[in-house]
Amino acid sequence: MAPQRRGALRAPEGSGASEHRRPCSTKNVRAPWEVRRKWLRTTVLGACAVLTGLLLWSSLGGDDGVTEVLAHRGEILPGRFIEVPCSEDYDSHRRFEGCSPRKCGRGITDTVITRDEARRIRSIAEKGLSLGGSDGGASILDLHSGALSVGKHFVNLYRYFGDKIQTVFSEEDFQLYRDVRQKVQLTIAQAFGISASSLHLTKPTFFSRINSTQARTAHDEYWHAHVDKVTYGSFDYTSLLYLSDYLDDFGGGRFVFVEEGANKTVEPRAGRVSFFTSGSENLHRVEKVHWGTRYAVTIAFTCNPDHGIADPEFT
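Residues numbered from 1 in each chain as written. Predicted model: local features only at pLDDT ≥ 70, side-chain atom pairs only at ≥ 80, totals over all residues. Heavy atoms only, no water.

Under the annotation held in an unreviewed UniProt entry, the chain carries the name 2-oxoglutarate and iron-dependent oxygenase domain-containing protein 3 and is attributed to Lynx pardinus. Heading Cofactor (unreviewed entry) of the UniProt record for the chain holds this comment: "L-ascorbate". (UniProt positions renumbered as here; feature names shortened; annotations may be inferred.)

Right under this line is the structure:
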């Protein structure tokens, strides 16, 4: 006979052995599920926390591309300079020995312009821009050419408002503007080892007011990366004087030097001067402003006297 396979032993009915085993089997099944459920809950809560943090950072002006802050808003920098290799942008323009960039880089200082001077300079911008203002998020005031944003267009404030300008600005305003320009010019000359007299103010040099209002025209889209030497051929050295404080007066709106895999940012602080050579070595942009109002003045210099402009005069 072929051997018979024995079946599993069965517990006698009523012995309670089978009933005793069932709870043990159910517990073994439930335990892994409880672990998985706790793990899932922890993961979801963690993801929510990370998302909340990212949203908060975004609302404060965070930028995923920014990996290094060159100047924090809380710092007071006597001077910080980073040298970078010059681009070839200057080769296609007439060179001026002792002025045209041979040494390129970017610098930041908080000790050239006082916060009181920044406050007074900002009041000039506020008074001028009170006469108009863009329908979009970016408004411009140029005391040299008279350009003023009004709605979706620009007007010449000297012609458009005529004698009313005498009641808006004062000679003291224009003198302060000239004094600040000169201090910035000297700072740039010292940083790059050139003569201040070889630098000439150039256009456009202007005040900017930026808020979170939706853009209405291309002029309102200030956030695109660009090269000043390409956009404005006359620029050799660019500077910005910030007139309001990041995270106190506005969120977003930081200045970003765009570099592959390693963007650098400057956090605006009233009285802070940021300056740099204007070529492709300093490709840059401004983050979108998420809330509040950001004030600054762009002051540009050229080495070509043919592209120079005079300081504005109060007449």
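Here the narrative resumes, following the displayed structure.
Asks: Whenever I open this one, the packing of aromatic side chains confuses me. Can you help?
Replies: Each aromatic ring pair is described using two quantities: the centre-to-centre distance and the angle formed by the ring planes. In total, this model carries 13 aromatic pairs according to the counting rule given. Considering the side-chain rings of Phe169 and Phe174, the 5.8 Å spacing of their centres and the 80 degrees angle between planes classify their relative orientation as edge-to-face. Phe174 shares its class with Phe169; the two are buried. Arranged with centres 5.1 Å apart and planes meeting at 55 degrees, the rings of Phe192 and Tyr237 form a pair that is tilted. Taken together, the positions of Phe192 in helix 5 (residues 171–192) and Tyr237 in strand 9 (residues 237–242) put the pair 45 residues apart, joining distant regions of the chain. Tyr237 shares its class with Phe192; the two are buried. Above the plane of the ring of Trp223 lies Lys288, whose end atom (NZ or CZ) is 4.4 Å from the centre. (Phe/Tyr/Trp six-rings, centres within 6.5 Å; stacked < 30°, edge-to-face > 60°. Buried < 20%, exposed > 50% of the residue type's maximum accessible area, 1.4 Å probe, protein only. Helix = DSSP H or I, 4+ residues; strand = E, 2+ residues; numbered from the N terminus. Lys NZ or Arg CZ within 6 Å of the ring centre and 35° of its normal.)

Asks: Could you clarify how one ought to interpret the nonpolar core in this entry?
Replies: In a soluble, globular protein the nonpolar side chains are often hidden away together inside. The biggest cluster of nonpolar side chains holds 43 residues, and the ones touching the most others in it are Phe207 and Tyr237. Among the elements that line this core, the one with the most residues is helix 5, at nine residues. The next biggest cluster of nonpolar side chains, apart from the first, holds 18 residues, and it includes Leu77, Leu240, Phe250 and Val289. (Core = buried A, V, L, I, M, F, W, Y, C linked by side-chain atoms within 4.5 Å.)

Asks: Would you explain the pairing of strand 6 (residues 147–151) in this entry?
Replies: Remark: a regular strand shows side chains that alternate across the two faces of the sheet. Here two bridges tie strand 4 (residues 133–134) to strand 6, and the two strands are oriented parallel to one another. When the sheet's bridge partners are listed, Gly133 is paired in strand 6 with Val150. Direction of pairing for strand 6 relative to strand 7 (residues 153–156): antiparallel, over a ladder of four bridges. Within strand 7, the residue paired with Ala147 across the bridge is Asn156. Counting the residues in the hairpin turn of strand 6 and strand 7 gives one residue. (Pairing = 2+ DSSP bridges.)

Asks: Just to check I follow, could you spell out empty space enclosed by the protein for this structure?
Replies: Gaps between atoms show up when a probe of the same size as a water molecule is rolled over them. If you walk through the whole model with that rule in mind, you get two cavities of 30 Å³ or more. Of the voids in this model, the largest cavity is the one considered here, and its volume is about 50 Å³. Elements with a minimum of two residues in the lining of the largest cavity: strand 6 and strand 7. Here the second largest cavity is characterised by a volume of approximately 30 Å³. Every residue along the wall of the second largest cavity is listed here: Ile121, Tyr177, Val180, Arg181, Phe207, Leu241, Val297 and Ile299. Secondary structure elements with two or more residues in the lining of the second largest cavity: helix 5 and strand 16 (294–302). With three residues, the single largest contributor to the lining of the second largest cavity is helix 5. In terms of residue class, the lining of the second largest cavity is built from seven nonpolar, no polar and one charged. (1 Å grid on protein atoms, 1.4 Å probe; cavity = no way out; pocket = protein on both sides within 12 Å on 5 of 7 lines; lining within 4 Å. Points joined across faces, edges and corners; volume = space filled by probe spheres on them. Nonpolar A, V, L, I, M, F, W, Y, C, P; charged D, E, K, R; others polar.)

Asks: In this structure, what is going on with the state of the cysteines? I would like to understand it.
Replies: Covalently bonding the sulfur atom of one cysteine to the sulfur atom of another cysteine gives a disulfide. Counted by the stated rule, this structure contains two disulfides. Disulfide partner of Cys86: Cys104, at an S-S distance of 2.0 Å. Across the disulfide from Cys86 to Cys104, rotation about the S-S bond amounts to roughly 105 degrees, and the bridge is consequently right-handed. Separated by 18 residues along the polypeptide, Cys86 in the loop between strand 2 (80–84) and strand 3 (104–109) and Cys104 in strand 3 bring together distant segments of the chain. Taking relative accessible area as the criterion, Cys86 reaches 31% and is therefore assigned partly exposed. Sequence-ordered numbering of the bonded cysteines in the chain gives a pairing of 1-3, 2-4. (Disulfide = S-S within 2.5 Å.)

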